[in-house]
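Architecture and fold: a report
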Protein chains: 2
Amino acid sequence: MMTRSELTALIRRKKSFLCVGLDPDMERIPECIRKNSNDPLFDFNRRIIDATIGKAVAFKPNIAFYEMHGSKGWESLEKTMAYIAGHRAGPVFSIADAKRADIGNSSAAYARTFLESMPFDAVTVSPYMGHDSVRPFLSYQGKWAVILALTSNLGAADFQILSADGDEAVQADYPNAENKLYEVVMKKCMDWGSPDNMMFVVGATKAGMLGSVRQLVPDHFFLIPGVGAQGGDLPAIASVAMNNEVGILVNSSRGILYASSGDDFDNKAGEEAARLQEEMEAILGRQFSWAG
Amino acid sequence: MMTRSELTALIRRKKSFLCVGLDPDMERIPECIRKNSNDPLFDFNRRIIDATIGKAVAFKPNIAFYEMHGSKGWESLEKTMAYIAGHRAGPVFSIADAKRADIGNSSAAYARTFLESMPFDAVTVSPYMGHDSVRPFLSYQGKWAVILALTSNLGAADFQILSADGDEAVQADYPNAENKLYEVVMKKCMDWGSPDNMMFVVGATKAGMLGSVRQLVPDHFFLIPGVGAQGGDLPAIASVAMNNEVGILVNSSRGILYASSGDDFDNKAGEEAARLQEEMEAILGRQFSWAG
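What comes next is a walk through the structure. Worth saying up front: this structure is predicted, and the values here are computed from it rather than measured.

With that settled, consider the pairing of strand S9 (residues 248-252) of chain A. Residue and element names in this part refer to chain A. Of all five residues in S9, five are buried; the element is thus mostly enclosed. The alternating pattern of S9 places Ile248, Val250 and Ser252 on one face and Leu249 and Asn251 on the opposite face, and all of these are buried. In this sheet, S9 lies alongside strand S1 (residues 18-22) in parallel orientation, the contact comprising three bridges. In the strand pairing of S9, Cys19 is matched with Asn251. The sheet contact formed by strand S8 (residues 222-224) and S9 spans three bridges and is parallel. Residue pairing across strands places Leu223 opposite Leu249, the latter belonging to S9.

Residues and elements named next belong to chain B. Taken together, eight strands build a closed barrel; the order of strands is S1-S2-S3-S4-S5-S7-S8-S9 and the barrel is parallel. Neighbour-to-neighbour, the strand axes of the sheet open up by a mean angle of 30°, direction not taken into account. Here two bridges tie strand S7 (residues 198-202) to strand S8 (residues 222-224), and the two strands are oriented parallel to one another. Paired with Val201 across the strands is Leu223, a residue of S8.

With that settled, the discussion passes to the packing of helix H3 (residues 40-52) of chain A against helix H5 (residues 70-85) of chain A. When two helices pack together, their arrangement is captured by the angle between the axes and the distance separating the axes. Residue and element names in this part refer to chain A. With their axes 9 Å apart at the nearest point, H3 and H5 run at an angle of 25° to one another. Considered as vectors, H3 and H5 are oriented roughly parallel to each other. Crossing of H3 against H5: the hand is right-handed. Contacts between H3 and H5 involve Leu41, Phe42, Asn45, Arg46 and Ile49 on the former and, on the latter, Gly73, Ser76, Lys79, Thr80, Tyr83 and Ile84.

Reading the values: rules and limits
Residues numbered from 1 in each chain as written. Chains lettered and ligands numbered in written order. Predicted model: local features only at pLDDT ≥ 70, side-chain atom pairs only at ≥ 80, totals over all residues. Buried ≥ 20, exposed ≤ 12 C-beta atoms within 10 Å, placed from the backbone. Helix = DSSP H or I, 4+ residues; strand = E, 2+ residues; numbered from the N terminus. Pairing = 2+ DSSP bridges. Axes fitted to C-alpha atoms, helices over the stretch in contact; angles between N-to-C directions. Parallel < 35°, antiparallel > 145°, perpendicular 65-115°, else oblique. Left-handed = near helix turned anticlockwise from the far one by under 90°. Contact = placed C-beta atoms within 7 Å.

Laid out in C-alpha cells, this is it:
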C-alpha cells in the first residue's frame, strides 16, 4: 500500500514521475535471456527492475503478457511482484495493468487477486459496467483503482469521445464539461472514489485534451501512457497535465524494455530511464521550487 | 472451434440453449470437495461438468474465480478446459468470461491466451477501448468475441444507457435506434465482426430492452446472463430475444453450481440443469417445428 502523500513524497525525492511498464514480449526479450533462463519473463524483469528502479517511482506489469503463458506466466508475475516488494531500493508504487471489471462478486475476486493475494498498490479498471463493477477495487486502505477514461489507442475515438448526454444531475454539477463519454466517466467515478484511492488513465497522444481534463479533475492522479512508442511529447504533456502536487505518472514500456536487443539490454534500459528522469527533473524544476 | 451452424445444430440436437457458468467460489464449494481434494476448483468443476453436459450446450468459466488463486488457479482453469475439450459427451461450446480488452498488442496477447493457448471457442470482450482493442479477438477461424453491450448488473445504468450521440454516420444507417451507448456499441461492432465471429452480452434483467435490441441486431447470437440468481424470467426473455435460428445462449451459474451444499451437489446441479433444459425445450417447441 502507498497513500497519496507517500507517492507524492516519492516523486519529490526521486525528482521523477516515471512509471516503467513491465510488458515482457517473448519475441523481443534478448536472446541471452531466452536461451539461458528457465523463467525468461522473470529474469528479464529482474534485470530491468534493477537497472531502472533508481529512476522510476512505479512499475506497471501489463497482465496480458503474463497470462499469455498460462499458469507459468502467472508464476513469473508472482515472482516479479515479490521481487519488487522486497527490493532494497524500494518502496516503489506498483500497478497491475489488468483493465478488469465485472459484476460485483467477480470484480471483488479480481480486486482480491491483485490487491490482496499479490502486493500490487493499484489495478487498472474498465468503467463500462458502472459503479458496482468499480467499487470492489476501492475498498482497500492505501490501494487504488486506476480508471480507464481516455486511452491512447486509435479506438479511443469509437466510444470515449462520443457526446454522452442524458445525465442531467451530473451535468448540473459540471456545467463547463463538453460531456464526452470519457468526461462523464470521470465525473461519475469521482462520486465513487476520492483522490486518495482513484486515479485516471488519460492518454498522452492527445495533449490538447489533457489540459481540459485537468481542469475538470483537479486533484486526482493521472496515469499517462503513450509516451515513446505511442508518440506522446513529454514536456507538452506534463505542462498541461500536472497539478500543484505533480499528480501524474507517465508510463514508458517498449522504449525502455527494448532499448537494446543485446546482452547490454539492462544497461541501455537504465540509460533510457535516466534520460527520461532527467527530462522530468527539468520539467519539475521549472514548476516547483523544491525541484529547482 | 465451433462455427455458427455447428452451434445451432448442437442447440437443435440437445433442445437446449443452456450455458453453465463455471464460477467456483471457494467459500461455496461443498465441504466434501474442499476437505478431500488437492485441486478443489478442478474437482468441483469436473463433477459439475459431468452432471450437466448432457443438458447444456456451453460452459462459461468466469476467469476472476481462477485468477484469484494465482498460478494455481490458472492450473485449475487449464485442467478444466482440457477436461471439457476431451469430454466423451462433447463437443460443447466454451466461453472464457474474461471481459478483456487493451491496446492492440496487449489485446492480441489476451486473444492468444484464450483462443490459442487454451481451447476456448469464445472470449467476452469489453468495448470501451474501441476497434483496435476488439479486432484481435476476431481473427481466429471458427472462434468468437462476445462483446459486452448491456450487462445485467445495476451499474449498467451508469454509462451503457446514456444517450450517446455524435456519430452521425452510424445514426444514418440505423435511424430507428434510440442511440443509447449500448446500441451505439452494437452498431459499431457490427462493422468490425459478423454473426459468424461476434456475439453480444445482453442482460436478462431487462426483458423489455431485449426485444428492441433483437430488432436492431437480427442475426448475432446473444449471450444472456442473469437468469436465476440475478432474477431474469426465462420464457419472457426467450420469446423476445430469440431469432429464427434460436440465436441465444442463456447462462445460469450459481443456481446450478450451488443447488446443494452437500455431497449430492452434482446430482442437484444436474437436476437444476435438466429443469432449465426442459423449460427451454418447451419454449423451443412453441416456436420451432423441429422442436415440437
